[in-house]
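Read off the chains here:
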Amino acid sequence: MVVLRESKQNVEKIIGSDWEESLFKFSRVIGFSLEIEEEIKLEFNPDRPDLFSLYSLKESMENFAGNMKKRGTIKNSKRLLQNNKPASREFAAAFEVDY
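Enquirer: Would you mind showing me how to read the pattern of salt bridges here?
Expert: One side chain can pair with another of opposite charge once the charged atoms of both are near each other. Counted by the stated rule, this structure contains 3 salt bridges. Note that K41 and E43 form a salt bridge whose closest N and O atoms lie 3.4 Å from each other. Each member of the pair K41 and E43 is classed as buried.

The following block contains the structure:
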């Protein structure tokens, strides 16, 4: 088990003022244990390395809730790709994102 221990103030700063309700709700979806004492203790299964920080946990919670933030815009670019592709791949596609 991977254990995160954080102060309540830090959890509120990163996740928001409704952190307690949000964490309990998401813990039932993902299946991690949550203990609230003087500090917050979160226990994750080792097969979820994407949740091993409060920042990544917050992002996963937002994505699950459908509150994904727009991080850039995809634009139509006229740049040419170098023709180093294997013979088995005729076409290539790429996305260019402005941040």
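Past the structure itself, the notes keep going.
Enquirer: I'm lost on the sheet that holds strand β3 (residues 39-44) in this one. Help?
Expert: Whether parallel or antiparallel, the strands of a sheet pair through hydrogen bonds between backbone atoms. The 3 strands lie next to each other as β1-β3-β2, forming an open sheet whose pairing is antiparallel. Two strands close off the open sheet at either side, each with one partner strand: β1 (2-7) and β2 (33-36). Each strand axis lies, on average, 15° off the axis of its neighbour in the sheet, ignoring direction. Pairing between β2 and β3: 4 bridges, direction antiparallel. Residue pairing in the sheet places S33 in a bridge with E43 of β3.

Enquirer: In this structure, what is going on with the layout of surface pockets? I would like to understand it.
Expert: Over the atoms, a rolling probe the size of a water molecule traces out where space has been left empty. There is about 310 Å³ of room inside the largest pocket. Around the largest pocket, the lining is made up of 13 residues, and of these D18, S22, K25, M61 and A65 lie nearest the centre. Elements that contribute at least two residues to the lining of the largest pocket include exactly α2 (19-30) and α3 (54-65). In terms of residue class, the lining of the largest pocket is built from 6 nonpolar, 2 polar and 5 charged.

Definitions and cut-offs
- Residues numbered from 1 in each chain as written.
- Predicted model: local features only at pLDDT ≥ 70, side-chain atom pairs only at ≥ 80, totals over all residues.
- Heavy atoms only, no water.
- Salt bridge = Lys/Arg side-chain N within 4 Å of Asp/Glu carboxyl O.
- Buried < 20%, exposed > 50% of the residue type's maximum accessible area, 1.4 Å probe, protein only.
- Pairing = 2+ DSSP bridges.
- Helix = DSSP H or I, 4+ residues; strand = E, 2+ residues; numbered from the N terminus.
- Axes fitted to C-alpha atoms, helices over the stretch in contact; angles between N-to-C directions.
- 1 Å grid on protein atoms, 1.4 Å probe; cavity = no way out; pocket = protein on both sides within 12 Å on 5 of 7 lines; lining within 4 Å.
- Points joined across faces, edges and corners; volume = space filled by probe spheres on them.
- Nonpolar A, V, L, I, M, F, W, Y, C, P; charged D, E, K, R; others polar.

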